[in-house]
Structure formats: C-alpha cells, structure tokens
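Below are the chains, spelled out letter by letter.
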Amino acid sequence: MSERLQAIRGMHDVLPDRAPVWQHLEDRARTVVEGYGYREMRTPLLEPVELFKRSIGEVTDIVEKEMYAFEDRGGDRLALRPEGTASCVRAAIEHALLDQPQRIWYRGPMFRRERPQRGRYRQFHQIGVEAFGLAGPDIDLEIIAMTRRLWQALGLTDLRLELNSLGDSAERGRYRTDLVAHLRAHADRLDDDSRRRLDTNPLRVLDSKNPDLAPVIAAAPSLLDYLGEASRAHFDGLCAGLDAAGIAYQINPRLVRGLDYYNRTVFEWITDALGAQGTVCAGGRYDGLVAQLGGRDTPAVGFALGIERLLDLIDTSAVATGPDAYLVALGDAAAAAAPGLAERLRDAVPGLKLLVHCGGGSFKSQFKKADKSGARVALILGDDEAAQGTVSVKPLRGGGEQRTLSFEEAVATLRDADPAH
C-alpha cells in the first residue's frame, strides 16, 4: 500500500461541513464593505520578492524569517504573498487606478512560514480593505466604523479597539533616536531578539510579548509626545470622530504594528478569548507606500482581518450546513419524474439548496439519508404524487405534520421556510 499523504503542517483543508461557516462570514463581510462603496480586487498569490522587501521592509520578521520565497525555473525570484496591501498597491499602480480616489477590498489566502499554533497558520486567510487618495481622518474613521459594523453583523461584542499614531517619518525618526537611547541604557535586560532589533527596527521592541521586558517598555518614551502639529491634528480629529460615532477605543502609545510602511493612524481590534493571538483585525495609514513602489504620492489607509481567528469567535450554531430540502423518490414512475420536479423547484425558488436522492433504495433507507443530510424538509415523491402533479412535504427539523401539496403550494412552503428566499 502506498504511503498516505497529508496536508502540509500549518495548512488546513476546509471540509464541506465547515465551508458554510466560512461562507457565512465572507457573505456578511462582503455585504458590509460593499455597503460602504468598496469594490473587490483579486490579485495573484505569487508576486516578485522585491515587492515585499520594498513595502514590508527587509528587516521585518516577515521578510527575514517567514516569507515563502524561491527562484523559479526561469530564474525569477518569487514569493507567496504574506499580506495583501502590497499586492493591491502594485496592481493599482500597474493599472493606473490612482488618478482618482479608490475604495478596494480583497479576500484570499496569505502565506507565512511560522510555527503553527491556534490562530496562527502557514496558510491563513484574510479579508482586507484599502482606500487610496484620501488624506483626512474622516476616511480613517470610515474604515474603523466599517469594522465595528462587521462585528455587529457577526454578533461579536467582546472586541476592544486600540489606537495610536506613529506620526510622520521625521517625527518617528526623532522618536527612534530617543527610544534607542532608552533601550541601550537597559541593554542588560533586553532579550536577544530585542538586541537584534535595536539597529534595524527598534519600534518593534515595543511590541515584544516577553513579560520580562514589560518594565523597560513601560518606561520608554511615548511616540505621541513627538507628534507635530499636523499629525496631532489628524489624530485628534480621528478621536473626535470616534467619540461622535459612539465607538469606544483605548489609546495605546506602544501600538506600532509589524510592517514598515505605516504612518500616523494605526489600530487593532483585540479579543482576550484567543490567548496570545488576540488581534483579529489591524490596520492604519500608509501614505508613503504608493510612491515607495513607483507611483506618485498618494495617501492611503486600510486594514486586514484574519478569517480563521474570527471563526473561532463567532457563534455558528445557527449557520445551516445542510441542504434546504432532500427529495426522496419511491417507485419507478416517481424516480423518472424526480429530476424534472427538482429542476422546476430550482427554477421557481432561486437559491434553493435541493439534494435529490440517487441510487435507489427502500423508503426507510432514503428517509434515513434525508434526515442525516441536515435538510430542513423532506420532499416525498411517490408514483401517485407523480401522476397527480403533487409532492408530500415532511419537516425534518422542529416538528410539523407531513402534507401533500400541489407544486405551487410546495414552492410557497419552501419560500416561506427560509427568509433568504
């Protein structure tokens, strides 16, 4: 017997019983973001390695340790995309979309070679939003309000919003100098990872999860104290907008994010229900990235949310995973008529999920399979019903009597049983 193959560690199959839960989340997300006027973009899974080196930063953990990068047979250096923003920016520049403001959203798999654990996978899935060409705090407010509306649509109430400003490059440069001086003064208390970051990406030390560093980080200077007039006005404007919209938030001066391209607004939605992997949505402004990747200066802001992490939070007990109806046919005439009846029902009830029994069998065995399918109702077609143009409808969930109905009555019953129809 050949050796049985398995999925790569950290990459998971989404099986048919679980797929409807993914669709539930994705459908609600699409409805929310398109309700704000955002349009979907789909980009390739493979991109040039240089795209992520120039956007994310060569000294980030993603590029240094986690990115799947390789040379193909033609000698090109390629990478499986580790995040979606850089690809959206590349596509917007390449296809000349930035002559006017753009609101874009995307969804799909991303790849990072991390140590697999709950909430952290080597292939994971994100939904993201990017807005180009809008510089004010009003667009920052819009995308945060959008995320809040999505949590409401998913029935999530236990998320908190943390907010910070990274200022502009000159302000961040002055802060970096003072932060490095502070960290060097406590070099004996830093771990190896933090010492390595001192000369490359010292702001990332603020995001360390090492509890031994907490006192050093708490005593570090606050980036908010280094904001100039314009950055401060932008941040204050966003906070005022959140207050007016009734969106609660916490200002976290240690929130820096892990990608080099951010400036000014950064934010995260966090839960305490997932342990260390508590960030389910994060984003901010990246006003310099378009120019950095070869376009003209274009303000931009966006976010990405992790689908797997959200699925661990939402209540999926009410998500239907089976068909709406299961059609059982008893007798030769009924078996011959069943496919035609099924097509007429699908025509009359758009979106109906109707499973037709195939393979014959006794009434008992067919009905057992109908119940096991998870269908809401069984449609029973016998030879007599086929001759009379009727069908029997028996509820399988929640009780109710079996009734013999005309085609029109059966259609009305199927429509009434599911508000989606």
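In this numbering scheme, every chain counts its residues from 1 along its sequence in written order. Per-residue local features are limited, in this predicted model, to residues with pLDDT of at least 70; the limit for side-chain atom pairs, both in listing and counting, is 80 or more; totals at the level of whole chains, interfaces and linings are taken over all residues. With hydrogens and water set aside, each side-chain value is computed from the structure's full complement of heavy atoms.

1. Let's talk about the overall build of the protein chain
Helix and strand definitions follow DSSP, with helices as H or I runs of at least four residues and strands as E runs of at least two, each counted in order from the N terminus. Helix and strand counts for the protein chain come out as 15 helices and 16 strands. Taken over the C-alpha atoms alone, the protein chain extends approximately 90 × 60 × 45 Å along its principal axes. Classification of the 421 residues of the protein chain by burial places 49% in the buried group. In what follows, residue pairs with any heavy atoms lying within 4.5 Å of each other are defined as contacts. Taking the intrachain contacts of the protein chain between residues at least 6 apart in sequence as the baseline, contacts between residues at least 24 apart amount to 71%. Counting only carbon and sulfur atoms, one obtains 49% of the accessible surface of the protein chain, whose full area is about 20,700 Å². Positive charges are assigned to Lys and Arg, negative charges to Asp and Glu, while His and the chain termini are left out of the count. Where a charge sits is defined by one atom per residue type, namely NZ (Lys), CZ (Arg), CG (Asp) or CD (Glu). Where the 54 positive side-chain charges of the protein chain centre and where its 61 negative ones centre are 3 Å apart. The cut-offs for exposure are 20% and 50% of the maximum accessible area for each residue type, with area from a 1.4 Å probe on protein chains only; residues under the lower value are buried, those over the upper are exposed, and the others partly exposed. Where accessible areas are quoted, they stem from the Shrake-Rupley method and a 1.4 Å probe; at the residue level, only the protein chains shown are allowed to cover.

2. A few points about empty space enclosed by the protein
Using only the protein atoms, space was sampled on a 1 Å grid; points where a 1.4 Å probe fits but cannot get out form cavities, open sets with protein on both sides within 12 Å along at least five of seven lines form pockets, and lining residues are those with an atom within 4 Å of a point. Grid points are joined across faces, edges and corners, and a volume is the space filled by probe spheres set on the points. Summed over the entire model, instances satisfying the criterion amount to 1 cavity of 30 Å³ or more. One number sums up the size of the largest cavity: a volume of about 40 Å³. Forming the walls of the largest cavity are Ala29, Val32, Val33, Ile127, Met146, Thr147, Leu150, Phe303 and Leu305. At the level of secondary structure, the elements contributing two or more residues to the lining of the largest cavity comprise helix H1 (19-35), helix H5 (137-154) and strand S11 (300-306). For the lining of the largest cavity, the residue count by class is 8 nonpolar, 1 polar and no charged. In this count, Pro and Cys sit with the nonpolar residues alongside Ala, Val, Leu, Ile, Met, Phe, Trp and Tyr, while Asp, Glu, Lys and Arg are called charged and the others, Gly among them, polar.

3. A word on the pattern of salt bridges
The term salt bridge refers to a side-chain nitrogen of Lys or Arg lying within 4 Å of a carboxyl oxygen of Asp or Glu. All told, the structure shown has 19 salt bridges when counted by the stated rule. Arg30 is the salt-bridge partner of Glu34, the closest N and O atoms lying 3.7 Å from each other. Residue Glu34 and its partner Arg30 are both found in helix H1; the two are separated by 4 residues, about one turn of the helix. Across the pair Asp371 and Arg397 runs a salt bridge whose closest N-O atoms are separated by 3.0 Å. Placement of Asp371 in helix H13 (residues 363-372) and of Arg397 in the loop between strand S15 (390-395) and strand S16 (403-406) is noted, with a sequence separation of 26 residues between them.

4. Brief notes about the environment of Tyr106
In this fold, Tyr106 is placed in strand S5 (residues 102-111). The exposure class assigned to Tyr106 is buried, which follows from its relative accessible area of 5%. Between the C-alpha atom of Tyr106 and that of Arg149, which follows or precedes it by 43 residues, the distance is 18 Å. The contacts of Tyr106, once residues within four sequence positions are left out, are Met41, Gly84, Thr85, Cys88, Gln126, Ile127, Gly128, Val129, Glu130, Phe303 and Ala304.

5. Let's talk about the side chain of Ser222
Inspection of the secondary structure puts Ser222 in the loop between helix H8 (214-218) and helix H9 (229-245). Here Ser222 is in contact with Tyr175, Pro253 and Arg254, once residues within four sequence places are set aside.

6. Here we look at the packing of H5 against H9
Note on method: axes are straight lines fitted to C-alpha atoms, helices fitted across the in-contact stretch only, with angles between N-to-C directions ranging 0 to 180 degrees. Two numbers describe how H5 lies on H9: the axes approach to 9 Å, and their chain directions differ by 40°. In terms of orientation, H5 and H9 fall into the oblique class. Crossing angle aside, the handedness with which H5 passes H9 is right-handed. Of H9, the residues touching H5 (which contributes Pro137, Asp140, Leu141, Ile144 and Arg148) are His234, Gly237, Leu238, Gly241, Leu242 and Ala245. Each residue belonging to the contact of H5 with H9 can be placed in one class, and the counts come to 6 nonpolar, 3 polar and 2 charged. Angles are sorted into four bins: roughly parallel if under 35 degrees, roughly antiparallel if over 145, roughly perpendicular if 65 to 115, and oblique for all others. Each crossing gets its handedness from the near helix: less than a right angle anticlockwise from the far helix is left-handed, clockwise is right-handed.

7. Considering the sheet that holds strand S3 (residues 69-71)
Strand pairing is assigned whenever DSSP detects at least two bridges linking the two strands. Strand order in the open sheet made by the 3 strands is S2-S4-S3, with antiparallel pairing throughout. Sheet topology places strand S2 (46-48) and S3 at the edges, where each strand pairs with a single neighbour. Adjacent strand axes in the sheet meet at a mean angle of 40°, parallel and antiparallel pairs treated alike. Strand direction decides the pairing type here: S3 and strand S4 (residues 77-80), joined by 3 bridges, are antiparallel. By the bridge assignment for S4, Ala69 is matched with Ala79.

8. Section: unusual backbone geometry
Positive phi, close to 55°, is recorded for Ala96, a residue that is not glycine. For Ala96, the location among the structural elements is in the loop between helix H4 (85-94) and S5. Among the residues examined, Ala96 registers a relative accessible area of 51% and is labelled exposed. Residue Arg264 is not a glycine yet carries a positive backbone phi of 50°. Here Arg264 shows up in strand S9 (residues 263-270). For Arg264, a relative accessible area of 14% corresponds to the buried category.

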